[in-house]
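Residue-level structure breakdown
As a plain string of letters, each chain reads:
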Amino acid sequence: MLEQQFRLLTGFSPLSWQARLFSKFFERGCLPAALDIPTGLGKTAVMALWLIARAQGVKLPRRLVYVVDRRAVVDQATEIAVLLREKLNSPEAADLKKALKLGDRSLPISTLRGQHVDKREWLEDPSSPAIIVGTVDMIGSRLLFEGYGVSRKMRPYHAGLLGADTLVVLDEAHLVPPFEKLLEAIEQGSEQFAARVETDRKHVPPFRLLSLSATGRERAGTVFRLEDSDIKHDGNVKQRLGAKKSVTIIPVNDGKLEDVLAEQAWALAGNGKSPIRCLVYCDKRETAENTKAAIQSLAKEDKKLGRPEVGPAI
């Protein structure tokens, strides 16, 4: 059943480790403390596994909060969540959507990051499953009753909905150990943070944390990792791990760094003739902004050089 439903939601068959993670943990509602999987092997598929487990009646938190301390990755994770919603709305996924008890509604998805308007879909119906994607500061401030851009009257609502019946998936956890410790304290601090009366605590669904990393970090509890069988018997995993990676060092010399970066990116695109995806990493915001401007300048029409205007998606 996992094979069929996973393919329905993602368009792909689950990798060996994804199927093993589901059968060993998600299917039983007993999640590991951390997921230590190399980069490029589909850790964001946790969203799809969570949806499938919920649809199968497994008692997992009804809200999944995907947190990562990089805006670009937040946007990427949002795109994956939106894709899952679109697949759920297809006629082929009618049974899966019905099992999630969404009715005629779409799966609520909200993105919480700076300079991004929260559509607040996740607040409309607290009984509905929902995916919230956000940065550390936006999610952390809400958990601490100090939500950025949230009115004082609404802050307790945000804190309450994020602090109960929620699975927080902390991507690249090695980058934010203090925040990971905060989430661990919330997860394990039922005596300190939960209802004072023992009988009342039973009525509040738990807060769960799943840390994601690719650095071999340890965390108290069970850590899920690749096994030899995942590499030997799964051609996709073996191919991705064994893919050739090369580095070419180009000296800047007397030129400006941003101009050199822009020229190299432009050359990879065949001077604007070939559609490609190119990531340009800079260690300073100013350099990144200047590089963007330089690429846009190269993409402008130049009649003297016989160059048509190109519209880069930056």
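Described below are features of the structure shown in this document. Computed from a prediction, not measured in an experiment: that's the story for all the values here.

Cut-offs applied
- Residues numbered from 1 in each chain as written.
- Predicted model: local features only at pLDDT ≥ 70, side-chain atom pairs only at ≥ 80, totals over all residues.
- Heavy atoms only, no water.
- Helix = DSSP H or I, 4+ residues; strand = E, 2+ residues; numbered from the N terminus.
- Buried < 20%, exposed > 50% of the residue type's maximum accessible area, 1.4 Å probe, protein only.
- Contact = heavy atoms within 4.5 Å.
- Lys, Arg positive; Asp, Glu negative; His and termini not counted.
- Charge placed at Lys NZ, Arg CZ, Asp CG, Glu CD.
- Axes fitted to C-alpha atoms, helices over the stretch in contact; angles between N-to-C directions.
- Parallel < 35°, antiparallel > 145°, perpendicular 65-115°, else oblique.
- Left-handed = near helix turned anticlockwise from the far one by under 90°.
- Nonpolar A, V, L, I, M, F, W, Y, C, P; charged D, E, K, R; others polar.
- Pairing = 2+ DSSP bridges.

Remarks on the overall build of the protein chain
Helix and strand content of the protein chain: 15 helices and seven strands. When its C-alpha atoms are laid out on the principal axes, the protein chain stretches across 75 × 50 × 40 Å. Taken over 314 residues, the protein chain has a buried fraction of 42%. For the protein chain, the proportion of contacts with a sequence separation of at least 24, taken over those separated by at least 6, is 65%. In the protein chain, 47 side chains carry a positive charge and 40 a negative one; their mean positions are 2 Å apart.

Description of the packing of helix 14 (residues 257–268) against helix 15 (residues 285–298)
Axis separation between helix 14 and helix 15 bottoms out at 8 Å; the angle between their running directions is 50°. One finds that helix 14 runs oblique with respect to helix 15. Seen from above, helix 14 lies across helix 15 with right-handed handedness. Every residue of helix 15 that contacts helix 14 at Leu-257, Glu-258, Asp-259, Leu-261, Ala-262, Glu-263, Ala-265 and Trp-266 is listed here: Thr-287, Asn-290, Thr-291, Ala-294, Ile-295 and Leu-298. Residues of the contact of helix 14 with helix 15, tallied by class, amount to eight nonpolar, three polar and three charged.

Digging into helix 3 (residues 46–55)
Counting buried positions along helix 3 yields 10 of 10 residues, so the element is predominantly enclosed. Listed in full, the buried residues belonging to helix 3 are Val-46, Met-47, Ala-48, Leu-49, Trp-50, Leu-51, Ile-52, Ala-53, Arg-54 and Ala-55. One or two positions beyond helix 3, positive phi appears at Gly-57, with a value near 90°.

Topic: the pairing of strand 2 (residues 63–67)
Across the five residues that make up strand 2, a large majority, five, are buried. Residue alternation in strand 2 divides its side chains into two sets, Arg-63, Val-65 and Val-67 and Leu-64 and Tyr-66, and both sets are buried. Of the strand pairs in this sheet, strand 2 and strand 4 (residues 130–134) are connected by five bridges, and their pairing is parallel. Looking at strand 4, one finds that Leu-64 is bridged to Ile-131. Note that strand 2 and strand 5 (residues 166–170) share five bridges and pair parallel. Counted as the bridge partner of Tyr-66 is Val-169 from strand 5.

Geometric descriptors of this kind do not, in isolation, establish any biological role.
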